[in-house]
Amino acid sequence: MKEVYVVGIGITKFSRLEYPLIEIAAYPSIMAMKDCGLSSVDHVYVANMGGSRLSHQTALGSALVDHLSLYPAGAETIENGPASGASAIKQGYMAVASGVHDVVMVTGVERMREANSLEATDFVASLAHPLAEQIYGVTLPSMAGMFTRLYMNKYGVTSKHLAMVAIKNHDNAMFNPNAHLRMPITMEGILTGPEASTNNPFVADPLRFFDMCPVSDGGACLILATKEVAKKSKRPMIRLAGVGQATDTHCVHERENPTDLPAVRGAAEKCFKMAGFKAKDVDVAELHDAFTILEIVESEEVGFFKKGEGHLALEKGYTSLKGKLPINPSGGLKAKGHPVGATGVGQAHEIVTQLRGEAGERQVKDAKTGFTCNFGGFGNNVVALAFQKEK
Amino acid sequence: MAIELEQLLRPVDNPVPPFTPKFVTLANGEEMVIRQIDREDIPALLPHVAPLIQVERDYYDIVSARLYAELLGFYRHRVQDEYVLVAQIDGHLAAIVNGRLLNPDVGVSYHTLALRRGLRIGAHAFAAKMEYHIDTMKQKEVLIVAESPIGFRRWMIEYQLEKRFNVAHELGGVPSYALTKKLFDKARDSLVVGRRPVPARLLEKACKAILPPTDPPKPPFDLLAATRAMYDSTGTALRASSQKLEGGKTK
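Analysis parameters
- Residues numbered from 1 in each chain as written.
- Chains lettered and ligands numbered in written order.
- Predicted model: local features only at pLDDT ≥ 70, side-chain atom pairs only at ≥ 80, totals over all residues.
- Heavy atoms only, no water.
- Helix = DSSP H or I, 4+ residues; strand = E, 2+ residues; numbered from the N terminus.
- Rg over C-alpha atoms; globule rule 2.2 N^0.38 Å.
- Buried < 20%, exposed > 50% of the residue type's maximum accessible area, 1.4 Å probe, protein only.
- Contact = heavy atoms within 4.5 Å.
- Lys, Arg positive; Asp, Glu negative; His and termini not counted.
- Charge placed at Lys NZ, Arg CZ, Asp CG, Glu CD.
- Areas by Shrake-Rupley, 256 points an atom, 1.4 Å probe, with all protein chains shown as cover.
- Core = buried A, V, L, I, M, F, W, Y, C linked by side-chain atoms within 4.5 Å.
- Pairing = 2+ DSSP bridges.
- Axes fitted to C-alpha atoms, helices over the stretch in contact; angles between N-to-C directions.
- Right-handed = clockwise from strand over helix to strand, strands pointing away.
- Expected span 1.5 Å × (residues − 1).
- Salt bridge = Lys/Arg side-chain N within 4 Å of Asp/Glu carboxyl O.
- Parallel < 35°, antiparallel > 145°, perpendicular 65-115°, else oblique.

Enquirer: Sorry if this is basic, but what is going on with the overall build of chain A here?
Expert: When helices and strands are counted, chain A shows 15 helices and 11 strands. Taken over C-alpha atoms, the radius of gyration comes to 19 Å for chain A, in line with the 21 Å a tight globule of 391 residues would show. For chain A, the C-alpha atoms occupy an extent of roughly 55 × 45 × 40 Å along the three principal directions. Each of the 391 residues in chain A was classed as buried or not, and the buried ones make up 65%. Across chain A, contacts joining residues at least 24 apart in sequence account for 76% of those joining residues at least 6 apart. For chain A, the distance from the average site of its 39 positive side-chain charges to the average site of its 41 negative ones is 7 Å.

Enquirer: So what exactly am I meant to see when it comes to the overall build of chain B here?
Expert: Helix and strand content of chain B: 9 helices and 8 strands. Within the span of chain B, comprising 251 residues, buried residues form 47% of the whole. Partitioning the contacts of chain B with sequence separation of at least 6, the portion at a separation of at least 24 is 67%. Taken as a whole, chain B presents about 12600 Å² of accessible surface, with 57% of it coming from carbon and sulfur.

Enquirer: Explain the nonpolar core to me, please; I cannot follow it from the model alone.
Expert: Within soluble globular proteins, side chains that are nonpolar generally end up buried alongside one another. Residues and elements named next belong to chain A. The biggest cluster of nonpolar side chains holds 59 residues, and the ones touching the most others in it are Phe291, Ile293, Phe304, Phe371 and Phe378. Broken down by element, this core gets its largest block of residues, 7 residues, from helix α11 (residues 262–275). Aside from chain neighbours lying at most four places away, what touches phenylalanine 291 is Leu140, Pro141, Ala144, Leu207, Asp211, Met212 and Phe378. With 37 residues, the next largest nonpolar core counts Ala86, Val106, Val284 and Leu355 among its residues.

Enquirer: When you look at the sheet that holds strand β4 (residues 92–101) of chain B in this model, what are you seeing that I'm missing?
Expert: Paired through backbone hydrogen bonds, the strands of a sheet run either parallel or antiparallel to each other. Residues and elements named next belong to chain B. Strand order across the open sheet formed by 8 strands is β1-β2-β3-β4-β5-β6-β8-β7, with mixed pairing between neighbours. With partners counted over all chains shown, the strands left at the sheet margins are β1 (22–25) and β7 (162–168), one partner each. Ignoring strand direction, the axes of neighbouring strands in this sheet form an average angle of 30°. The sheet contact formed by β7 and strand β8 (residues 175–180) spans 4 bridges and is antiparallel. Counted as the bridge partner of arginine 164 is serine 176 from β8. Each of β2 (31–37), β3 (82–89), β4 and β5 (106–114) touches helix α2 (residues 42–49); the most contacted strand, β4, lies at about 110° to it. Here helix α7 (residues 200–208) sits on the sheet in contact with β1, β2 and β3, set at roughly 55° to β2.

Enquirer: Whenever I open this one, the pairing of strand β6 (residues 141–144) of chain B confuses me. Can you help?
Expert: Residue and element names in this part refer to chain B. Alternating residues of β6 divide into Glu141 and Leu143 and Val142 and Ile144, and every residue in both groups is buried. In this structure, β5 lies alongside β6, joined through 3 bridges in parallel fashion. Among the inter-strand pairings, glycine 107 is bridged to a residue of β6, identified as valine 142. Of the crossover connections in this fold, the one passing from β5 over helix α4 (residues 121–136) to the parallel β6 is right-handed.

Enquirer: I tried to follow helix α15 (residues 340–356) of chain A on my own but got confused; where do I start?
Expert: Residues spaced three or four apart along an α-helix face the same direction, because each turn holds 3.6 residues. Residue and element names in this part refer to chain A. When the terminal C-alpha atoms of α15 are compared, their 25 Å separation across 17 residues agrees well with the 24 Å that a helix rising 1.5 Å per residue should span. Buried residues dominate α15, accounting for 17 of its 17 residues. Positive backbone phi, at 80°, marks glycine 357, one or two positions downstream of α15.

Enquirer: I tried to follow the pattern of salt bridges on my own but got confused; where do I start?
Expert: If the charged atoms of two oppositely charged side chains come close together, the side chains can form a pair. Residue and element names in this part refer to chain B. Using the criterion set out here, one finds 42 salt bridges over all chains in the structure. We note a salt bridge from arginine 10 to glutamate 6, for which the minimum N-O separation is 2.7 Å. You can call glutamate 6 partly exposed: its relative accessible area is 25%. Aspartate 135 is the partner of arginine 188 in a salt bridge, and the nearest nitrogen-oxygen pair spans 2.7 Å.

Enquirer: Even after reading the chapter, I still don't get helix α12 (residues 292–301) of chain A, so can you show me in this structure?
Expert: Residue and element names in this part refer to chain A. Taking burial as the measure, the 10 residues of α12 include 10 buried ones, the bulk of the element. Buried within α12 we find Thr292, Ile293, Leu294, Glu295, Ile296, Val297, Glu298, Ser299, Glu300 and Glu301. Residue glycine 303 follows α12 closely and has a positive phi angle near 105°.

Enquirer: Please explain the packing of helix α7 (residues 159–173) of chain A against α12 of chain A as it appears in this structure.
Expert: To characterise two packed helices, one gives the angle between the axes of the helices and the distance between these axes. All names here are of chain A. Running from N to C, α7 and α12 cross one another at 95°; their axes reach a closest spacing of 8 Å. As far as their axial angle goes, α12 and α7 are roughly perpendicular. Where α7 approaches α12, its residues His161, Leu162, Val165, Ala166, Lys168 and Asn169 are matched on the opposing element by Thr292, Ile293, Glu295 and Ile296.

Enquirer: How should I be thinking about unusual backbone geometry in this particular structure?
Expert: The general pattern is negative phi for most residues beyond glycine and trans for most peptide bonds. Following tyrosine 71 of chain A, the chain continues into proline 72 of chain A via a peptide bond in cis, with omega recorded as 10°. Take proline 72 of chain A: it is sitting in the loop between α3 (60–67) and β3 (74–78). Looking along the chain, the bond that leaves arginine 196 of chain B and enters proline 197 of chain B is cis, with omega of -5°. A positive phi angle, close to 65°, is found at leucine 119 of chain B, a residue other than glycine. The backbone of glutamine 160 of chain B shows a phi angle near 50°, a positive value even though the residue is not glycine. Tracing the chain through its elements places glutamine 160 of chain B in the loop between α5 (149–157) and β7.

Enquirer: Explain the sheet that holds strand β11 (residues 381–390) of chain A to me, please; I cannot follow it from the model alone.
Expert: All names here are of chain A. Taken together, 9 strands build an open sheet; the order of strands is β3-β2-β4-β7-β1-β8-β11-β10-β9 and the sheet is mixed. Bordering the open sheet on either side are β3 and β9 (284–286), each of which pairs with just one other strand. Going from strand to strand, the sheet's axes swing by 25° on average, the running direction of each strand aside. By the bridge criterion, 10 bridges tie strand β8 (residues 237–247) to β11 in an arrangement that is antiparallel. Opposite alanine 246, over in β11, you have valine 382 as the bridge partner.

Enquirer: Can you help me understand the pairing of strand β1 (residues 4–11) of chain A in this one?
Expert: Side-chain positions along a regular strand alternate between the two faces of the sheet. All names here are of chain A. With respect to burial, β1 is a largely interior element, 8 of its 8 residues being buried. With 7 bridges joining them, β1 and strand β7 (residues 218–226) adopt antiparallel strand pairing. Within β7, the residue paired with isoleucine 11 across the bridge is alanine 220. Where β1 meets β8, 2 bridges bridge the pair, whose relative direction is antiparallel. If you follow tyrosine 5 over to β8, its bridge partner there is arginine 239.

Structure below.
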């Protein structure tokens, strides 16, 4: 297999973007092409989950090729729920690694703010099992609430730990100009103060408002290429070193142990095996914290910390920007935002930015290896990516 | 003659008790003071409301245009029994709410304008307005409408307002909803917060001057985006201009 490099990156602000869906895809794509100095690609993969439902637009791969005059490049749209972004990167990786293509564009895009919060929640819930979950009114926040309650009972995670994740990621987002929620929050304001219960009401007990990611619009793009093309681009050599994917039961209640996320574990194991380094070697990570509990649990399942000890590492500050292993320096889904189809590409964009040393005030010192975990369904389809900086 | 005519044009306000200032700690730890302002303070508000008339998003344009007129009407004595409350963070204007008395038992809620978005700033200010009607002025109910989906969610859904569709609201003549004392009492624990008295340092800073909002809503960055998409549906010009400007290379 050929080695695969990230030669160009681009991203929009994750926020409310009052542009047509295809422009949200086009903007970061043009940025990425300018970043690497290329004006043509062999193939385009567009990651998107809700274009047909929320924006009444399908075939986004073809639309983006046309919008950017990239003909006759091949084009496809990749849909894998909230893991669509990393899935598209995986497709791009395979295309280059196999030798089929030399240069591919992977763009993730979503426009969700057009829908109101109830419609957006219902849209995301469409990934749940239609007969065993959806018809009972199960939504992602409700599943996360039940999951969190179990996790708290089993491992001693408290509301304070969840709030600590939110506060950390909001603080990180203050340094990210593309983040959706650029405002600090405090323990007094969201948990311990007299007004906290109104500022931060329960949404799905024990999860509160500030335990949830925002609904965002946004787009992000990576240009993947062979080593030969990467060298010519004269951008820092960032290798997409590992790709791992694993699945689990569609229904959460069919799992042997509902507090385990074996698909996260499996995806990370495959990814690290391919990359040739281990979890302990990772310098910076972006984990899929659609709910604050998920950052804690994923940090355990991918192997950064022992099972049930993620919250203890958080307490010790290991995962903060200046800690031993900074997690979600971008602000994560929690504060950077979660335009579902773009999220996985956005995570990869952050890691590449970190490894290039271009992250400004949120730069993780001497970062040479990075990792992303893009969590689809409620852990039923997970894609992990590992990146390595080369000289 | 002019003075006599002005006397005819000016309504005479009924005496009502003042709103006692309170403060709220927001999610970000900042302390927001909510207090009543006088007629002579209105000119300090108008320059901050006017620019929002250009913001279409979430109906800021309609709310701001109507609120501007209401504030001007209050300032120039053309509204009967109006009051205005402001929310300030570190002296900076964060929200404006206003309303008036329809009669001793029924109040009319006019507008809630958040000049800084998020953190429930508008929701806290609205709750203070309802508190003023129900607790301070002892009114039985307040007539309310929403001009934006966010308003509908915050007022009609969160407070579970009763329909008063037989009553046309003063804002556009649309059917009214009502917050009764019973509904307010039900929402009191979860939605109505704040502490009194306001510490002197906070109140003094708020009363000293109404400073400009720190992060007011703005129109979209690129107003022509939608138009461009309409007239350049293939994006060819967008791509060509990008290449021309940046000198794109081929691989």
